[in-house]
Amino acid sequence: METLQFDLSKELGPFKPLNATNGGPWRRKHATEMKISNFDAYKAARIPYSSNHGSGIQPIYGGPYSYDITKIFPDFDADPYEAASYDFACTDDDILTCLEAGTKPFFRLGESIEHHIKKHATLPPKDFSKWAVICEHVIRHYREGWADGFFHDMEYWEIWNEPDLEPDDSTNKRTWGGTRAEFFTFYEIAARHLKKCFPKLRIGGPSLCGREEWAEDFLQHMSKRQVPLDFLSWHMYTTRPENIKEKAKRMKNRLVKYGYENAECILNEWNYVTDFGDGLLYSMEQMRTMKGVSFIMACMSLAQSAPIDLLMYYDTRPSAYNGVFDFYTAKPLKGYYPFLWYGYFYDRKAQVEAVNEIETIYSLCGVDERGKALAVITCFSDQDKAEGKELFVDFGRPGQYEIYLLDDTHAGELVATTDRPELKLPMHSVALIREI
């Protein structure tokens, strides 16, 4: 039996918002058919932010009448200063649902991906400056009450999504139909205008999908042109949590290199994916097994010590990538527990790192105002033949602890109350230890 040790006297900073998602709660207020909802479970997980990217293609969030700029402002030739030019109703309805769950929208200003043979909304706007003015009024609607709007505390506004998805010479561009140079100009115009209008808000982007040379060019151009950038958002799909931490370091180093050291580094799409070719079906199957579940908790645990300011799982929409809620019933799957359990750490005054490292073990630990410990221990490896671990979790002092287990035969239930927290963790399992 190995020992995992924590020194509870060495308190670090607060826990970061790492259980955020893409896709808010499911609730159809106005539906006449059976109303399937995950609202209560979603709210209980204390999810801090949810990105609206892709929400516009899901009926549960307002479908084809919501979120995308071309849906909110359907006639680009209309007057962007006139409230009648905008259609906010479906987006308003879903944003209110999200906020009622205690989750702030992370608003993507742009368009959903287009997999169709002909592209429409993902083509570059015919007037970049007018597009920026339209986005200005979207923000004013939700922040300043414009056009019978609201005064919501929504601080993150992201410009576009995955402009680097395809190579520059591709004939099937699904997210940005223009050139790289055109996007840089587009982003510069939008960022300058929005930051001038809303200097206290966080304006950033552009949700880079993975081409790191593209990220380098983007930051170099923005730095040279002195374009404001409050956050750099990017995506990563992998099977190793360590890959996320390593890439976060590279992205943060680039921000520092180009003078954006104060910009936040945000990973706002991630999940267990081997590749997007032949391995994608296998990956989607694993997202709903304990391998995928323990991967979620391992990534959250490792991101706590990585230069990541906000982590957003893709996704909790009713989609093939959702390992959190059942597609048909909306009931929580085992993948829900990492989000629920991470939410408990928001009640802790400080995090505490493990004194030692153990292979295939990922941990989180925090203490509350009374000094009581809470820890989540994950056993994960991408190697299917890897063996589990037997651990003694040493908090450095006597105490009484509840142990909850998440594995193939347990769904987060209490399995022991003890003064000696010992764990027999199968590979791909998670345990929560709560001092009482």
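Residues numbered from 1 in each chain as written. Predicted model: local features only at pLDDT ≥ 70, side-chain atom pairs only at ≥ 80, totals over all residues. Heavy atoms only, no water.

### Section: the overall build of the chain
Right, on to step 1. For the chain, the count of helices and strands is ten helices and 17 strands.
Right, on to step 2. Here the C-alpha radius of gyration of the chain, 22 Å, is about what a compact globule of 436 residues would show, namely 22 Å.
Right, on to step 3. Within the chain, the proportion of its 436 residues that are buried is 58%.
Right, on to step 4. At a minimum sequence separation of 6, the contacts of the chain that also span at least 24 residues come to 74%. (Helix = DSSP H or I, 4+ residues; strand = E, 2+ residues; numbered from the N terminus. Rg over C-alpha atoms; globule rule 2.2 N^0.38 Å. Buried < 20%, exposed > 50% of the residue type's maximum accessible area, 1.4 Å probe, protein only. Contact = heavy atoms within 4.5 Å.)

### Comments concerning the packing of helix H5 (residues 180–197) against helix H6 (residues 212–224)
Right, on to step 1. Between H5 and H6, the least distance of the axes is 11 Å, while the angle of their chain directions is 45°. Taken together, the axes of H5 and H6 are oblique relative to one another. Here the hand of the crossing between H5 and H6 comes out right-handed. On H6, the residues touching Arg180, Phe183, Phe184, Tyr187 and Glu188 of H5 are Glu213, Trp214, Asp217, Phe218, His221 and Met222.
Right, on to step 2. In terms of residue class, the contact of H5 with H6 is built from six nonpolar, one polar and four charged. (Axes fitted to C-alpha atoms, helices over the stretch in contact; angles between N-to-C directions. Parallel < 35°, antiparallel > 145°, perpendicular 65-115°, else oblique. Left-handed = near helix turned anticlockwise from the far one by under 90°. Nonpolar A, V, L, I, M, F, W, Y, C, P; charged D, E, K, R; others polar.)

### Overview of the pairing of strand E6 (residues 202–208)
Right, on to step 1. Along E6, six of the seven residues are buried, which leaves the element largely enclosed by surrounding structure.
Right, on to step 2. Bridge count between strand E5 (residues 156–159) and E6: three bridges; the pairing is parallel. Along E6, the bridge assignment pairs Glu158 with Gly204.
Right, on to step 3. Pairing geometry for E6 and strand E7 (residues 231–238), over two bridges, is parallel. Within E7, the position partnered with Leu208 by the bridge is Trp234.
Right, on to step 4. Taking the sense of rotation as the criterion, the β-α-β connection linking E6, H6 and E7 turns out right-handed. (Pairing = 2+ DSSP bridges. Right-handed = clockwise from strand over helix to strand, strands pointing away.)

### Thoughts on the packing of aromatic side chains
Both the distance between ring centres and the angle between the ring planes are used here to describe each pair of aromatic rings.
Right, on to step 1. On inspection of all chains with the given rule, the structure shows 47 aromatic pairs.
Right, on to step 2. By the ring-pair criterion, three or more aromatic residues cluster together here, those being Phe128, Trp131, Trp160, Trp176, Phe183, Phe184, Phe186, Tyr187, Trp214 and Phe218.
Right, on to step 3. The cationic tip of Arg27 hangs over the ring face of Phe39; the distance from NZ or CZ to the ring centre is 4.2 Å. (Phe/Tyr/Trp six-rings, centres within 6.5 Å; stacked < 30°, edge-to-face > 60°. Lys NZ or Arg CZ within 6 Å of the ring centre and 35° of its normal.)

### Observations concerning the packing of helix H4 (residues 128–143) against H5
Right, on to step 1. Direction vectors running N to C along H4 and H5 enclose 40°, while the axes themselves pass 9 Å from each other. Overall, the two elements H4 and H5 adopt an arrangement that is oblique. As for how H4 packs across H5, the hand of that crossing is right-handed. For the pair formed by H4 and H5, the contact residues are Phe128, Ser129, Trp131, Ala132, Val133, Cys135, Glu136, Ile139 and Arg140 on the first element and Glu182, Thr185, Phe186, Ile189, Ala190, His193, Leu194 and Cys197 on the second.

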